[in-house]
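# Coordinates in review
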Amino acid sequence: MWRIRPNDVDIQLLNRSRDTILDIQENTEYDPGWIQNGGIFIARTKKRMDEYIRLSTIAKVFNIEHSMLSTEETLKIFPLLNPNTFVGSLHSPGDGIIDPTMLCNALTKLAIQSGKAQVIENCAVKGIKVDQNDRGVKRIIGVETDLGVINTTAVVNATGVWGRDLIEPHGITLPLVPMKHSYIVTESIKGIRGLPNIRDHDASIALRIQGETVCLGGYEKNPIILDHVENDSSFSLYDLDWETFDSHVDGAIELLPAFGSVGIKCTVCGPESFTPDHKPLLGPDPRLIGLFHNCGYNSAGMMFGGGCGEQLAKWIVSGRPEFHMFNFDVRRYTANQLSNKKWAIERSHESYAENYAMVFRNAQCLAGRNFKTDALQETLTTNGAVMEECHGYERPAFFIEDQVPVQPYDWYGFYGNELNVDHKYKQILKGDEKYEFSDHYDLIRREALSCRETAAVFNLSSFAKFFIYGPEAREALQWICTADVDKPINSVVYSCALNERGGVESDFTVTILDVGNGSVIHPSYEGKAYYVVAGGSSGTYLSHIKNDISKFNVDVHDATDEIGIISIQGPNSRKIVEIFSGLDLGDGNLPPYTSKELAVKVPEFQENFSTRLSSIGFVGEHGYEFHVERKNCVSLYNDIMTIGSQYGLKNAGFRALRSLSCERGYHAWGYDLRSDDTPIESNLEAICRQNGPYKGSNIVDKQRAEGVFKRLVYLTIDEKIPLWGLEGVFRNGKCVGHLRLGEFGYSINKSIGKSYISCAKGNWIDNEYLSNGQYEIDVLGQRYGAKLHLISPFLGS
């Protein structure tokens, strides 16, 4: 059981697992098999030591006892280690080991003892019974077993490596990839009993102390990937492939020389299910109402099981979990990703092989790339775009003066594949593998400042785009939107969608449309229709929006792949758009957050084509978006660049966009705006209407009247060092939160952190409390004085 992770939600889940085990141990008659011998994270390099110092920062926030140790201090705790192999360590004495059989037995007995559970063993599941209505909506009605049918409307798929097989008969696929995963157990090693477990990320190994023996496991570059696992293979094992496993033995002997002088007592090699991002698959499946997933634990089921099990129970009973579970939610994947086996295998292999790699904010995968590309991909790459991936879509991160295509995945040269010869893209990514400023700082700075001073063009085509229409479309939108969308035609409304707890599940814009003309950008629908656009992670919620509006007579059309978005932002954007469109945008013509359809004439086209022009700024400057049919994107982009070159228009990527948006004070869903943050806590009260109910409005109204226990603020530091997120925030010497997000603001020439500040004893929080304090941010173990801003520092303090 290891609890210190580079993610605040992971830490909370692991803490809950440990708390459950300790509760059983201390308050029941059952022994859960817990041994608290502690854990040590070994650092073989200074860079790895810096990562552990960052981890120690977030550990302080969650009150996890720990200490940073030198080589000599580490040897006092674990004297058998080779001091020449490492430079220091992170010690977490509250960690330990758990016996899976004892814990499962204790949980089973307690569940039965409560009188609320039945346990039926040796009862094979033959299939899930499903009903389908006339609108094509599928619902669970029961489970077929060899002992009979269980009638139920809710089923949890907790079948591990078989989780994929169980549901495929219903046309539902999961990105679960079975692989052989192994560990070996040594003969007795003198002096090993009672010592802490070891996690050596640089060697990609873990050592678990079990009595006088050591269990060694790890993550190799060439795991054996299985097509499927036979139904009758429960508790059976494979023969260990020593050719695959030997690299772990070499690393263990180097770190723990005594390991090489003892024999091997036994080997354990079994099937384990892995996922494309090394996170479990949890939550409701949007394709089958009543189906919940709880599988794909990537060999970490005993660690995450308690925390995730608790959150899944809340999900089923209350509609939403307590924590922000997006990184575990099966709905984090798009429909295309869920159904593509090749992509799942590629990405799962890389996640397995790189499981112990250092975690950097802007890291990019090499596997499964070019999965989804928009119409501008080739053009932008030719113009120097360095691409990043978001939910399968390729999009520009920043631009250089060279072409850097993403290479096909080479599988590290294993499985009969040749290693890539062109490593240019991989080398560029290495420029972000540090906790100092990126090697690409100057490039991103130029893009950001061009947007502030002249104009920049952003390709937003990867954003999710939906048309919602039907007799009850207005009622449906009013139910899911915090903002009032009962507005005039061509209005653009920024809104959030909430869950039952009042947490923000998504933020997006809604454009109100009249009767369409049958074009891709304005389809023909009877009555009003609504065009919904959301970016990044927030967009994945919209792909499952049918669940929230299923009680209304509406339809949803996903136009994400059919429409491109070209955005021009900056002081000169208005002049560029006026010349391009022939419109006079003065005197209130197309004011902010309005939209209109245009007929555009591009020289190489014989006929005009339609585009929707929306006045939307998202970086703190004037801004406009062109929404255009995919086939017309390149021509539109080229014409805009030709006109814009006279006014300083430059290409810019999402790295600059994120900096500009943070600087201006806009939210980034998944970071400073999550499903466990309410609009009142997030300073979004202005977009929460007070007339008429909407999902979560009862929580918003209650907080508006009574107050909140946490509040989002901005923090800046004078020292020119980067902030990334997870840094601890201290008020008058006491920890009051951590950074959800860190960016460098190029206009104000300062790093900006965004954090939710809480009172020490769960008291109501107000502006007086926030303003009357001395703040510090813990960056790599050193505290820096910080200035708190109630609103964006770009706008003022």
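Residues numbered from 1 in each chain as written. Predicted model: local features only at pLDDT ≥ 70, side-chain atom pairs only at ≥ 80, totals over all residues. Heavy atoms only, no water.

## Some points on the sheet that holds strand β12 (residues 205-210)
Sheet architecture is open: eight strands sit in the order β3-β4-β2-β11-β12-β13-β10-β14, paired in mixed fashion. Strand pairing shows two members of the sheet lacking a second neighbour, β3 (67-70) and β14 (264-274), which therefore form its edges. Each strand of the sheet is rotated relative to its neighbour by a mean of 20°, with strand direction disregarded. Here helix α2 (residues 46-61) sits on the sheet and contacts β2 (39-43), β3, β4 (88-92) and β11 (197-200); the angle it forms with β2, its principal contact strand, is near 145°. (Pairing = 2+ DSSP bridges. Helix = DSSP H or I, 4+ residues; strand = E, 2+ residues; numbered from the N terminus. Axes fitted to C-alpha atoms, helices over the stretch in contact; angles between N-to-C directions. Contact = heavy atoms within 4.5 Å.)

## Points about the packing of helix α12 (residues 441-453) against helix α17 (residues 654-664)
Put simply, α12 and α17 touch, their axes get as near as 8 Å, and they point 55° apart. With respect to their mutual orientation, α12 and α17 come out oblique. Both α12 and α17 take part in a crossing whose hand is right-handed. From α12, Ile444, Glu447, Ala448, Cys451 and Arg452 reach across to α17, where they touch Arg655, Ala656, Leu660, Glu663 and Arg664. By residue class, the composition of the contact of α12 with α17 is five nonpolar, no polar and five charged. (Parallel < 35°, antiparallel > 145°, perpendicular 65-115°, else oblique. Left-handed = near helix turned anticlockwise from the far one by under 90°. Nonpolar A, V, L, I, M, F, W, Y, C, P; charged D, E, K, R; others polar.)

## What about the pairing of strand β22 (residues 504-513)?
Taken across its ten residues, β22 has ten buried, putting it largely inside the fold. By the bridge criterion, seven bridges tie strand β21 (residues 492-498) to β22 in an arrangement that is antiparallel. Residue pairing in the sheet places tyrosine 494 in a bridge with threonine 509 of β22. Hairpin connection of β21 to β22: five residues between the antiparallel strands, including glycine 502 at a positive phi of 85°. Pairing of β22 with strand β23 (residues 529-534) involves five bridges; the strand directions are antiparallel. (Buried < 20%, exposed > 50% of the residue type's maximum accessible area, 1.4 Å probe, protein only.)

## Describing the pairing of strand β20 (residues 464-469)
Within β20, five of the six residues are buried, which leaves it mostly tucked inside the rest of the structure. Where β20 lies against β23, six bridges are found, and the strand directions are antiparallel. Paired with phenylalanine 466 across the bridge in β23 is valine 532. Where β20 lies against strand β24 (residues 555-558), four bridges are found, and the strand directions are antiparallel. Within β24, the position partnered with phenylalanine 467 by the bridge is histidine 557.

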